[in-house]
Amino acid sequence: MASLNSAQPGSQEGTHAAQPPEPPEPQQDTSPHEFGRVHPDLYPIGPHYAEYGRSVTFPGPWVEGETEPRPPSIIPVAKLGWAHLPPAEWAAYFKDEASSVSTPTLNRSAIGVLRAAPSLQEPLLRHEKPISNIRLSRKVSLNFQNLESALIQTVGIIEPQECTYCLRGNGRWEKCISSHDPEDTITSCGNCQWNSSGERCNLPHNRPA
Ligand SMILES: [Zn+2]
Ligand SMILES: [Zn+2]
């Protein structure tokens, strides 16, 4: 630890009039934000990151005519918090999900654009509202706009100024993240895009098409 805030004794010359004390150096807020124990199954792993539940493995199906079962599908443990984690299991999970959407869905969504973009971070859920990994995976597979939302959180850029919806603590995800693809295919943040409600987003670049 650098001694940023340690006193420097012996610097007083004695010949000058007493000077007002130096204002303290502004310090970065590195104090750990504790997770409230909002749910007994929320496991804080670090000050800004918690996990919820367990990962679930579904055995791969036997497909007629094939000699081996398909590989098992794994739903990772739910991840929550405001840490910045490099892309990992959930980023891969959502990209994988995006690779299997049907052509009609692809044609009426931004999934193609979003899945082609590089993953920038692991999407983390809002820690006050944990949902199970199975529920998350179902919601994403049943509603393509939820998949868009998850992909925005994976490939998008963290907004320095949250939209009002996120600022008020709404939404599935901890951070206000939006995608900045050249064509502006999606203009809302991932939280607003959830449940097909992207029009509620008031980010400055959420302008009508
Ligand atoms: Zn937002
Ligand atoms: Zn928004």
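You'll find the structure just up there.
Quick notes on the rules
Residues numbered from 1 in each chain as written. Chains lettered and ligands numbered in written order. Predicted model: local features only at pLDDT ≥ 70, side-chain atom pairs only at ≥ 80, totals over all residues. Helix = DSSP H or I, 4+ residues; strand = E, 2+ residues; numbered from the N terminus. Expected span 1.5 Å × (residues − 1). Buried ≥ 20, exposed ≤ 12 C-beta atoms within 10 Å, placed from the backbone. Pairing = 2+ DSSP bridges. Axes fitted to C-alpha atoms, helices over the stretch in contact; angles between N-to-C directions. Contact = placed C-beta atoms within 7 Å.

Caption draft 1: Broad picture of helix α5 (residues 144–155). The terminal C-alpha atoms of α5 lie 16 Å apart, and with 12 residues this matches the ideal 16 Å at 1.5 Å per residue to within 8%. Counted residue by residue, α5 has 11 buried out of 12 residues, so it is predominantly covered. All of the buried residues along α5 are Phe144, Asn146, Leu147, Glu148, Ser149, Ala150, Leu151, Ile152, Gln153, Thr154 and Val155.

Caption draft 2: Spatial organisation of the sheet that holds strand β5 (residues 78–81). Within the open sheet, the three strands sit side by side as β1-β2-β5. Their pairing is antiparallel. Taken across any chain shown, the strands that pair with only one partner, and hence form the sheet edges, are β1 (42–46) and β5. Along the sheet, successive strands turn relative to each other by an average axial angle of 30°, direction set aside. Strand direction decides the pairing type here: β1 and strand β2 (residues 49–52), joined by four bridges, are antiparallel. Following the sheet pairing, Pro44 is matched in β2 by Ala50.

Caption draft 3: Region of interest: the environment of Pro204. With respect to the helices and strands, Pro204 occurs in the segment after α7 (190–193). Owing to 9 C-beta atoms within 10 Å, Pro204 belongs among the exposed residues under this scheme. Measuring from C-alpha to C-alpha, the distance between Pro204 and Gln161 comes to 9.7 Å, with 43 residues separating the pair along the chain.

Caption draft 4: Focus on the environment of Leu80. Tracing the sequence through the fold places Leu80 in strand β5. Once the C-alpha coordinates of Leu80 and Leu125 are considered, the two residues, 45 residues apart in sequence, prove to be 4.4 Å apart. With sequence-adjacent residues up to four places away left out, Leu80 is seen in contact with Leu42, Ala50, Tyr52, Leu124, Leu125, Arg126, His127, Pro130 and Glu174.

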